[in-house]
Amino acid sequence: MKAINRLAEQKAFNLEIIRNEKTTDSGHRVIQLETAAAAAIKHFEGAVGINVPRRRFLPVKMTSDLLLVMSNLYHLQNGALSMSPKRQFPGVPLVKLGQDRFKKVKDFLRRFANIPDLLLLDHLTVSGDVTFGKNVVLKGTVIIIAHHGERIDIPAGSVLENKIVSGNLRIVDH
């Protein structure tokens, strides 16, 4: 911390600015300017980087990462998330959620009555207007594609194992 304070006081951090084009919820195009804090390592003599394996580092950059972290794949132990011992094989499932409906956290959360059971999942791809009921279980490879103008509601209690679901599926409570 002393070295960081010293460099900050000397205004010695000369970090590159990253230009990141975005669109706001209201549709306005904006430019976000940011710096990569990790780039500051070059200012510390003798500093080295280390490779942290994915099992020890759980970045949540997209809602697909959030789905994994919120699922039963992980459990909290002594203040840290670790892979559930109930997972029968190593590794994290590959999850791809369509950016048109799942990009923003609030939209992502609205699509799940609760987070599905992912313990036996290998790969999940979801595209289009798709929602998940309570207590859904996903196993193996599951691909769900709602084409433009169509909607798929995965019913509560569904177990999808090595399935491709496409087209239009609406379950209406009466």
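It should be noted that the structure appears before, not after, this text.
Residues numbered from 1 in each chain as written. Predicted model: local features only at pLDDT ≥ 70, side-chain atom pairs only at ≥ 80, totals over all residues. Heavy atoms only, no water.

K.L.:
Which residues make up the overall build of the protein chain, and what values go with them?
P.N.:
Broken down by element type, the protein chain carries 4 helices and 10 strands. Helices (α) and strands (β) of the protein chain occur, in sequence order from the N terminus, as α-β-β-α-β-β-β-α-α-β-β-β-β-β. Along the three orthogonal principal directions, the C-alpha set of the protein chain runs to about 70 × 45 × 25 Å. A total of 174 residues make up the protein chain; the buried ones form 29% of that total. Long-range pairs, those at least 24 residues apart, make up 31% of the contacts in the protein chain between residues at least 6 apart in sequence. A total accessible area of about 12,100 Å² is found for the protein chain, and carbon and sulfur atoms account for 53% of it. With 25 positive and 16 negative side-chain charges, the protein chain shows a separation of 4 Å between the mean positions of the two kinds. (Helix = DSSP H or I, 4+ residues; strand = E, 2+ residues; numbered from the N terminus. Buried < 20%, exposed > 50% of the residue type's maximum accessible area, 1.4 Å probe, protein only. Contact = heavy atoms within 4.5 Å. Areas by Shrake-Rupley, 256 points an atom, 1.4 Å probe, with all protein chains shown as cover. Lys, Arg positive; Asp, Glu negative; His and termini not counted. Charge placed at Lys NZ, Arg CZ, Asp CG, Glu CD.)

K.L.:
Pulling in residues and values, what's your account of the layout of surface pockets?
P.N.:
In this approach the atoms are scanned with a rolling probe the size of a water molecule, which exposes any empty space left behind. Reported here for the largest pocket is a volume of approximately 180 Å³. In terms of lining, the largest pocket is formed by N20, E21, K22, T23, K103 and K104. Residues of the lining of the largest pocket, tallied by class, amount to no nonpolar, 2 polar and 4 charged. (1 Å grid on protein atoms, 1.4 Å probe; cavity = no way out; pocket = protein on both sides within 12 Å on 5 of 7 lines; lining within 4 Å. Points joined across faces, edges and corners; volume = space filled by probe spheres on them. Nonpolar A, V, L, I, M, F, W, Y, C, P; charged D, E, K, R; others polar.)

K.L.:
Tell me what's going on with the packing of aromatic side chains, and back it up with residues and numbers.
P.N.:
Note on aromatic pairs: each is described by the distance of the centres and the angle between the planes. Applying the stated criterion to the full structure yields 3 aromatic pairs. Between the aromatic rings of F108 and F112, the centroid separation amounts to 5.0 Å while the plane-to-plane angle is 55°, which identifies the pairing as tilted. For the pair F108 and F112, a shared accessibility class is recorded, and that class is buried. Within the aromatic cluster, the residues linked to one another by ring pairs are F102, F108, F112 and F132. (Phe/Tyr/Trp six-rings, centres within 6.5 Å; stacked < 30°, edge-to-face > 60°.)

K.L.:
Describe unusual backbone geometry, listing the residues and the values that go with them.
P.N.:
Residues other than glycine seldom take positive phi values, yet N135 does so here, at roughly 55°. With respect to the helices, strands and loops of the structure, N135 is situated in the loop between β7 (129-132) and β8 (137-145). In this structure, N162 is a non-glycine residue whose phi angle is positive, near 50°. Tracing the backbone shows N162 in strand β10 (residues 159-166).

K.L.:
Give me the lowdown on a nonpolar patch on the surface, citing residues and values where you can.
P.N.:
On the surface, I17, I31 and L33 cluster together to form a nonpolar patch covering roughly 330 Å² of accessible area. With respect to the helices, strands and loops of the structure, I17 is situated in strand β1 (residues 17-23). Assessed through its relative accessible area of 60%, I17 is described here as exposed. (Patch = residues over 30% accessible without salt bridge, like charges linked within 9 Å, V, L, I, M, F, W, Y side chains within 5 Å. Salt bridge = Lys/Arg side-chain N within 4 Å of Asp/Glu carboxyl O.)

K.L.:
Describe in detail the nonpolar core, supporting the description with residues and values.
P.N.:
Ranked by internal contacts, the top residues of the largest apolar core, which has 26 residues, are L124, F132, L138 and I144. Of all the secondary structure elements, the ones that give two or more residues to this core are α2 (63-70), β5 (94-97), β6 (121-127), β7, β8, β9 (151-154) and β10. What F132 contacts, discounting residues up to four positions off in sequence, is R111, F112, A113, P116, V126, L138, I144 and I154. (Core = buried A, V, L, I, M, F, W, Y, C linked by side-chain atoms within 4.5 Å.)

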